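One-letter residues, chain by chain:
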Amino acid sequence: MKNLNCFSGQVKYVLAGLFLLNQLPQRVVASPHLHSVSPKELTITGQVTDAQTREVLTGCTVMVKGTSVGTTTGADGKYSIKVPNTEAILVFQFVGYEPMEMPVGRQTTINVELKNDAADLSQVVVIGYGSTVKKDMTGAITSLKSSEFNKGIINSPEQLLQGKVSGVNVTSATGEPGGTQNITVRGPGGIRTGSTPLFVVDGLALDNSSTGGATNPLVFLNPQDIESIDVLKDASATAIYGSRGANGVVLITTKKGKAGRSTLTYNGNIGVSTLANPLNVLSADEFRTEVPKLGNSLVDKGGNTNWQKEISRRAITQNHNVALSGGSEKLTYYASFGLQDQQGILKNSNLKRYTGRINATQKLLEDRVSVDINLNVTNTVNQRPPIQSLIGGALAANPTYPAYDADGKPFQYVDGTNPLIPLSLEKDLTKTNRVIASISPSVTLIKGLVYKLNFAVDQSSAAQDLQSLPNEVPFQEGRLETTNTYNTNRLIENYLTYSFSRNEHNFSALAGHSYQRIFLQGRTNSINKFPISDIEPIYNPGLGQDLTLTNNRPTGYATINELQSFFSRVNYQWKDKYLATLTVRADGSSKFGANNKYGIFPSASLGWRLSEEPFLKRIPAITELKIRAGWGQTGNQEIPSKITQARFSTSVTGTTTYPLNGSNTYPSGATYNRLANPDIQWEVSTQSNFGLDFAFFDGSFSGSLDLFRKVSNNILLEVIPADPVQPVRTLWTNVHDMKITNQGLEIDLNYRKSFANGLRYSIGGNVTFIGNNVTNSPYSVLTSGTASGSGLSSATINGYVNGQPIGTFYLKNFIGFDDKGINKFQDVDGDGIITDNDRVAAGSALPKKMFNINGSIAYKGFDLTANLNGVSGNKVYDNTANAMFYKLRLSKGLNVTPEALQYANESVNNSAPVSTRFLKNGQFLRLNNLSLGYNVNTVGLGMDKWVSNIRLSVTGQNLFVITPYNGYDPEVNNDRSVNGVSSYGIDYLSYPKARSVIFGLTISL
């Protein structure tokens, strides 16, 4: 509490300073040691254009060097600025162009032509505990700036980069607001580890644990606050994060203030969403025709109901953001407030998010000390209907039944449940508060030597209420179950950075220590049997009448995970063309036993800028040409806590104890649940990468190629003991011979062109070819995904199979029907009996190819951008069709799709077990977003003194999908994991995706 109070005081002072600063006149120099503007000030005007195309540059920053006086160019590229005297120097800066300084002298008009920064080689890239420029990178890193992000209704940062980065596959597991996003970097490499990379926000490594309910943990971050996202893909880049870098690292940097003119920006949009692709179930007329054909009597209530339409709606999303930024040379700030109110396309589905952020940087003692403060506060309220029962009911309901009765209430029918009834009876409400605060002072001790402290706290609390209202028809007693979740993540890091340059040599070294403590706690309580009243149980649990512990025993958990690390990195450059990076990190985790707490993870990479060699400098077409090679190791520790320690349980049962002294009284008995294993150690991924970066024709055509190979071994796995005489059924260990290999090729290409008349366009894209393989698994199939539905529960769908990729569908091969219309399956082992031994590897949920195409065209104030993404070579198991769409269901009066009737020779009594019959091609090409924007000419309207920018836009999101898959959407991954082993590519009553149109407005003052 003392630390928090101290931090609160700091924030108050910062806010007070920001208020006072904003009251200063724009041209006043805020720094005490700088000269104030003299009476002999001059007014300088001019225009900034592209040196090659003569195109005007809108939004170029113009600053008086050494002061906080600044302005930006208007839509016509023109500017006007007051300078103190003739000795002033103007600094011109624009993204993608080389900065330029111009002495004023006696000039009153200064026109400037900025040179294109070829392929953005001076673009700053965050690399973890520091940054570099693009031309000096030796690892496989992709950097996205905010202008390159995907547009539309965005809940979390994964959606911003979907399709934008080669080697990165983002799967929207659900169309639900705030729903989970699955992301992999160069393929999954573990079993218990899942595939999620490490997310680092402003230097704080996040814990991927759930913050409560079904809400994506990353939904706390307002996309409007993000400045850039850097994805570290190979081990030479991720090894600085050691134990958590095996799945890649995503570095998120939020916006900071800039010295100069204070800017107040409003960014808002409103979106309209509808169900993108409803399933083609039988209409009422088709139902009336098909049911009698199966020999069953038709129950016809005379209705014509589209049940999918009844449970869905035209959803409205509002997004409003206000940001204030600016500052002086010594103090810069960025403050924002955001509100997102998103309706889901299913009724009673809503997400509300309120975010507030303050970022401030204060420089002291002649800039020898710099203090960064970041504070982010988020409140989210997520309401969910009973999704699976709602969708399942709508797909199966008799379409001849009316949705409502004569009184306008949901129609009650005796042979089924109206899917509208659960909407009024069931509620899943999760409220989450999350605060992330950090302070990072840095001190220049001597020239080139900088010490930095990074202290951060991430604290969240959530309350999830699952409510079932009491009801007469259908009868239910009513129930309230409440789960409270508390997460605290604390990080403290100290590190030194030393930089040295002499002649043609550039050297930098980093050494540091990190300690992170993560505390997770959850408590659940419940109560049953509520009276029917106007008061919902969520507001008065005391109305519950079942006070026994038989059905309402409280449960809970608490876990502490600690990670201590020592890390170092050395960078060396010679002649700005020979590059080398060496990294090593030692991680110690409380998850491992006394014998193997620490793991050491080294990496090395080299780069050669061939374009700086004399024999290539003579070729004018070559702007940049660099080859890179890297090798490294990273680790994984994502296993349950305390598994290295023995665990016992006590109980009074006939299997754990026996009566003494001939009595019938059983004393308490103890049994082993887990054996101690102090030798368990880190899972290790070894990666190698070879890359080529290039830019031609002054950077107009640029791109990169990367060949990679990632091998994970020492696999952490829960196995059956080899000794059959054991007190436990399973134990945790490292399977040393088992390997999971990902290897492939990434290609990024971009071309951009500008013309003197103001027309400019760009086109680009990326493609990733990737293969995955599992070898030496101790199981014939390690189940990762199981089926749902009547008669299907727990049936294996996919898993880890030797010689096959992760997520391989291991199924009986459907080959048609016998003469009685009953399923026939391939007899693989030839024994004349169909058993589990006849299952075959029938493809994987992992795509073999991922691709993205993006393009833009702009003319004067108008711009149009498009982004398409897709995958191929993957399969999807349609568990929904398996459970619901076959003839037997239709004969019982339940609705189906025409797929259930495609086989005329199928018997009406045929069952639908798990098999390749319901395994489908999952490839797709999606128009992710298409956006048209217009930048208003505020100068031409004479309002540029008050309004610097007005932008109008309209964006279409998920406008179309080309795919052979006939479910709601091929981009799906319903969680059907087994014992924590991640599942892939299973579709079961998944929340459908929306098609949206968003209208946006941005105003900057």
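What you see is a predicted model, and the numbers here were worked out from it, not measured in a lab. (Residues numbered from 1 in each chain as written. Predicted model: local features only at pLDDT ≥ 70, side-chain atom pairs only at ≥ 80, totals over all residues. Heavy atoms only, no water.)

Caption draft 1: Examining the overall build of the protein chain more closely. Helices and strands together make up the secondary structure of the protein chain, namely ten helices and 52 strands. Taking 2.2 N^0.38 as the reference for a compact globule, 1005 residues should give roughly 30 Å; the C-alpha atoms of the protein chain span a radius of gyration of 31 Å, in line with that estimate. Overall, the C-alpha framework of the protein chain stretches about 100 × 70 × 65 Å when taken along its three principal axes. Across the 1005 residues in the protein chain, those meeting the buried criterion constitute 51%. (Helix = DSSP H or I, 4+ residues; strand = E, 2+ residues; numbered from the N terminus. Rg over C-alpha atoms; globule rule 2.2 N^0.38 Å. Buried < 20%, exposed > 50% of the residue type's maximum accessible area, 1.4 Å probe, protein only.)

Caption draft 2: A look at the pattern of salt bridges. Per the counting criterion, the structure on display carries 31 salt bridges. For the salt bridge of Asp 202 with Arg 357, the shortest nitrogen-to-oxygen distance reads 3.6 Å. Placement of the pair is Asp 202 in the loop between strand 13 (198-201) and strand 14 (204-205) and Arg 357 in strand 20 (residues 350-364), with a sequence separation of 155 residues. Arg 357 gets classed as buried once you look at its relative accessible area, which sits at 4%. Here Asp 576 ties to Arg 609 by a salt bridge, and the two come within 3.1 Å at their closest N and O atoms. Of this pair, Asp 576 sits in the loop between strand 26 (555-574) and strand 27 (578-589) while Arg 609 is found in strand 28 (residues 598-609), placing the two residues 33 residues apart along the sequence. Taking relative accessible area as the criterion, Asp 576 reaches 26% and is therefore assigned partly exposed. The exposure class assigned to Arg 609 is buried, which follows from its relative accessible area of 3%. In this structure, a network of salt bridges that share partners links the residues Asp 576, Arg 609, Glu 612, Lys 617 and Glu 624. (Salt bridge = Lys/Arg side-chain N within 4 Å of Asp/Glu carboxyl O.)

Caption draft 3: Spatial organisation of the nonpolar core. In terms of nonpolar packing, the biggest core is built from 66 residues, with Ile 191, Leu 395, Leu 717, Tyr 800, Tyr 877 and Phe 885 touching the most fellow members. Only helix 4 (284-293), helix 5 (307-311), helix 6 (387-396), strand 34 (715-719), strand 39 (796-800), strand 40 (808-812), strand 43 (839-844) and helix 9 (879-884) provide two or more residues apiece to this core. Sequence-distant contacts of Ile 191, that is, excluding residues within four places in its chain, are made with Ile 715, Leu 716, Leu 717, Met 738, Ile 740, Leu 782, Tyr 800, Gly 980, Val 981 and Ser 982. Membership of the second largest hydrophobic core comes to 25 residues, among which are Phe 149, Val 250, Ile 436 and Leu 491. (Core = buried A, V, L, I, M, F, W, Y, C linked by side-chain atoms within 4.5 Å. Contact = heavy atoms within 4.5 Å.)

Caption draft 4: Quick peek at empty space enclosed by the protein. Summed over the entire model, instances satisfying the criterion amount to ten cavities of 30 Å³ or more. A volume near 430 Å³ is recorded for the largest cavity. Together, 28 residues line the largest cavity, and Ile 153, Gln 159, Gly 175, Gln 957 and Ala 994 are the ones closest to its centre. (1 Å grid on protein atoms, 1.4 Å probe; cavity = no way out; pocket = protein on both sides within 12 Å on 5 of 7 lines; lining within 4 Å. Points joined across faces, edges and corners; volume = space filled by probe spheres on them.)

Caption draft 5: Seen up close, unusual backbone geometry. Here the phi dihedral of Asn 348 falls at roughly 65°; this positive angle occurs in a residue that is not glycine. Structurally, Asn 348 is set in the loop between strand 19 (331-343) and strand 20. The phi torsion at Lys 529 lies on the positive side, around 65°, for a residue other than glycine. Structurally, Lys 529 is set in the loop between strand 25 (505-528) and strand 26. The exposure class assigned to Lys 529 is partly exposed, which follows from its relative accessible area of 39%.

Caption draft 6: How the structure looks around the environment of Tyr 984. The residue Tyr 984 is located in the loop between strand 50 (961-962) and strand 51 (986-987) in this model. Setting aside chain neighbours within four positions, we find Tyr 984 in contact with Pro 188, Ser 195, Asn 798, Tyr 800, Ile 806, Gly 807, Phe 809, Ala 845, Leu 846 and Asn 973.

Caption draft 7: Highlighting a nonpolar patch on the surface. Taken together, Tyr 498, Phe 500, Phe 507, Val 570, Tyr 572, Trp 574 and Leu 582 make up a surface patch of nonpolar side chains, about 560 Å² in accessible area. Those elements giving two or more residues to the nonpolar patch turn out to be strand 24 (479-502) and strand 26. Counting residues per element, the nonpolar patch draws most heavily on strand 26, which supplies three residues. Turning to its location among the elements, Tyr 572 is positioned in strand 26. Given the relative accessible area of 32%, Tyr 572 is considered partly exposed. (Patch = residues over 30% accessible without salt bridge, like charges linked within 9 Å, V, L, I, M, F, W, Y side chains within 5 Å. Areas by Shrake-Rupley, 256 points an atom, 1.4 Å probe, with all protein chains shown as cover.)

Caption draft 8: Layout of the sheet that holds strand 39. Here four strands make up an open sheet; going across it, the order is 38-39-40-43 and the pairing antiparallel. Edge strands, defined here as strands with exactly one partner in the open sheet, are strand 38 (782-786) and strand 43. Sheet twist, expressed as the average angle between the axes of neighbouring strands with direction ignored, equals 40°. Looking at chain direction, strand 39 and strand 40 are connected through two bridges and run antiparallel. Bridge pairing links Asn 798 to Phe 809 in strand 40. (Pairing = 2+ DSSP bridges. Axes fitted to C-alpha atoms, helices over the stretch in contact; angles between N-to-C directions.)

Caption draft 9: The sheet that holds strand 51, seen in detail. Ordered by their spatial adjacency, three strands build an open sheet running 47-46-51, and the pairing between neighbours is mixed. One side of each edge strand has no neighbouring strand; the edge strands of this open sheet are strand 47 (919-921) and strand 51.

Caption draft 10: Structural detail: the pairing of strand 15 (residues 226-232). Of all seven residues in strand 15, six are buried; the element is thus mostly enclosed. Where strand 10 (residues 141-145) meets strand 15, five bridges bridge the pair, whose relative direction is antiparallel. If you follow Ile 141 over to strand 15, its bridge partner there is Leu 232. Pairing between strand 15 and strand 16 (residues 249-254): six bridges, direction antiparallel. Bridge pairing in strand 16 links Leu 232 to Val 249.

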